[in-house]
4 protein chains.
Amino acid sequence: MSEILQTCTIKVSFGDCDPAGIVYYPNHFRWFDATFHALLQRFGGHAAVSRKLGSIGIGLIEVGGAFRAPAEDGDALVLTARLVEWREKTLRIAYEGRIDDRLTVEGFEVRGLFIREDGQLRAGRMAPLREMLEAGAGTADA
Amino acid sequence: MSEILQTCTIKVSFGDCDPAGIVYYPNHFRWFDATFHALLQRFGGHAAVSRKLGSIGIGLIEVGGAFRAPAEDGDALVLTARLVEWREKTLRIAYEGRIDDRLTVEGFEVRGLFIREDGQLRAGRMAPLREMLEAGAGTADA
Amino acid sequence: MSEILQTCTIKVSFGDCDPAGIVYYPNHFRWFDATFHALLQRFGGHAAVSRKLGSIGIGLIEVGGAFRAPAEDGDALVLTARLVEWREKTLRIAYEGRIDDRLTVEGFEVRGLFIREDGQLRAGRMAPLREMLEAGAGTADA
Amino acid sequence: MSEILQTCTIKVSFGDCDPAGIVYYPNHFRWFDATFHALLQRFGGHAAVSRKLGSIGIGLIEVGGAFRAPAEDGDALVLTARLVEWREKTLRIAYEGRIDDRLTVEGFEVRGLFIREDGQLRAGRMAPLREMLEAGAGTADA
């Protein structure tokens, strides 16, 4: 079974940076999230995948990041997402970002299938999502 | 003299959209701004250009946008910036965004050279910026 | 008939600013939008209002802004939204932002009632929204 | 010695939310960061504090968050930052967000004093920052 991964290249822009001239850190999480959603595009996108699974979304339970080196306006950040651990109700995704082969950011997301029931959110089983993604497993660049 | 323009392709992502499922409109301005800064990258980037011109930045004076059709997760938005009018202390940039050749967004920015003097910002003359950009005029895609 | 307006105070933060140390301009539109939505909160919020009106949202058709003076980390920006013009299918909102009584930003939004029909968006009549808002017209600070 | 903490109330708005109708998670980190910077405002703000310490900024080394319950348009999120651990070159801040006393988000930031030397960033000693903050220690609401 091949590993499922997705790579996106982010052109870091002036407006992504703070008064110190380096990336304002919440933007790294926008890019993590966008890379995961680029992966879902290979399966029809978040809306289509969620609809098939009877979920309102594949949302965040936990997230973390470590910043190894600054990124600045003009940098091309190559961000890779790897699906690294499936549990009954969670999926762990590992992220790694590099600029010219230098590691600049690492992190992870733990996601769940959010299902709305009686106005409350609960976590659904991940097996149907896993089957869907593994059926089309592989690598993609965007 | 050839027209100066810059084109960027934005992969619209889930997180760029609001609860109605369409792009949250301030993001269109992030993309306008990023396209202008991609153009500046051809001249060393905003920091280098500003330094050469003795400016703290090529900032916004006025901006506008009109939204012709919605953009959604998964769309590839092709955004073009054109430098359309140089005045003594302003530059007007016209923007046009298309998804599969359908016009989705139009707009403009009026920018000035911000110079900090005695703790105040004032607008500088645009001629040196114009010369710099026209010396390397042309088209670029990013 | 009293004018309908809404005032919000935004604490400008470090992360709202760009490498020049002043507010990254798309954030001004986030604040315009948030002030309009604060107004809708007085009527149950955007989701409830849209549901009553059979709309997917009260979205943007056109927008503009002019930046009169810079805003920086630590500034308290007092932003006022005024509903200034109702047309058959549009509502125009005027915005004005001040820091210590100094005008820093002005702008407007033209909004429509977006209705989804056969997978397309079309603009609905504004009269029902106008009636709803004018029934509870007045001023609010948030 | 009293604990140093800062509380901010965030009015969650429509535009902070994603197509699932709940807060787009990178916004939680914007709010963490803004709460830390609100704390710095009690000492003159990030720019003044950094200047005194010879630093380009008090930036991020590591960050994490866990999302316990969704936040939506109209919610008032009360976010508290606590300075919980000083090490030689790092400061750990713990965050807790509540809506009507229900815990919705928890997290942390590890920050360092970034000093630019020969074009590189390095981490400075935290003792001078600690002294500055503890001299004016206490609680503040914003």
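On a predicted model such as this, the values are computed, not experimentally measured, just so you know.

Thresholds applied
- Residues numbered from 1 in each chain as written.
- Chains lettered and ligands numbered in written order.
- Predicted model: local features only at pLDDT ≥ 70, side-chain atom pairs only at ≥ 80, totals over all residues.
- Heavy atoms only, no water.
- Helix = DSSP H or I, 4+ residues; strand = E, 2+ residues; numbered from the N terminus.
- Rg over C-alpha atoms; globule rule 2.2 N^0.38 Å.
- Buried < 20%, exposed > 50% of the residue type's maximum accessible area, 1.4 Å probe, protein only.
- Contact = heavy atoms within 4.5 Å.
- Buried area = accessible area lost by both parts, 1.4 Å probe.
- Polar contact = N/O pair within 3.5 Å; in protein donor to acceptor, adjacent residues only side chain to side chain.
- Nonpolar A, V, L, I, M, F, W, Y, C, P; charged D, E, K, R; others polar.
- Axes fitted to C-alpha atoms, helices over the stretch in contact; angles between N-to-C directions.
- Parallel < 35°, antiparallel > 145°, perpendicular 65-115°, else oblique.
- Least-squares fit on C-alpha atoms with pLDDT ≥ 70 in both.

## Regarding the overall build of chain A
Working step 1: A tally of helices and strands in chain A yields three helices and seven strands.
Working step 2: Listed N to C, the secondary structure of chain A is β-α-α-β-β-β-β-β-α-β in terms of helices and strands.
Working step 3: Taking 142 residues into account, the globule formula puts the C-alpha radius of gyration at 14 Å, and chain A, at 16 Å, falls close to it.
Working step 4: With 142 residues in all, chain A has 57% of them scored as buried.
Working step 5: For chain A, the proportion of contacts with a sequence separation of at least 24, taken over those separated by at least 6, is 67%.

## Observations concerning the interface of chain B and chain A
Working step 1: With 14 residues of chain B at the interface, the matching set in chain A holds 14 residues.
Working step 2: Summing both partners gives a buried area of about 980 Å² for chain B against chain A, and 47% of it is carried by carbon and sulfur.
Working step 3: Here chain B and chain A share two residue pairs in polar contact (both at pLDDT 80 or more) between them.
Working step 4: Looking at the side of chain B that touches chain A element by element, the count peaks at five residues for helix α1 (residues 26-41) of chain B.
Working step 5: Class assignment of the residues belonging to the side of chain B that touches chain A gives a composition of three nonpolar, six polar and five charged.

## Considerations on the packing of α1 of chain B against helix α1 (residues 26-41) of chain C
Working step 1: The interhelical angle for the contact between α1 of chain B and α1 of chain C, taken along N-to-C directions, is 175°, at an axis separation of 8 Å. When the axes of α1 of chain B and α1 of chain C are compared, the pair comes out roughly antiparallel. Residues Pro 26, Phe 29 and Arg 30 of chain B of α1 of chain B form the contact with α1 of chain C, whose own contacting residues are Pro 26, Phe 29 and Arg 30 of chain C.
Working step 2: Its residues assigned to classes, the contact of α1 of chain B with α1 of chain C shows four nonpolar, no polar and two charged.

## Remarks on the relation of the copies chain B and chain A
Working step 1: When chain B is brought onto chain A, the operation consists of a screw motion whose angular component is 180° and whose axial shift is 0.0 Å, with 0.0 Å RMSD remaining. In short, the pair behaves as if placed about a two-fold rotation axis. No C-alpha of chain B approaches the rotation axis more nearly than that of Ile 10 of chain B, which lies at 5.1 Å.
Working step 2: Of all interface residues in chain B, 100% are interface residues in chain A too; the two copies therefore contact each other through one and the same surface.

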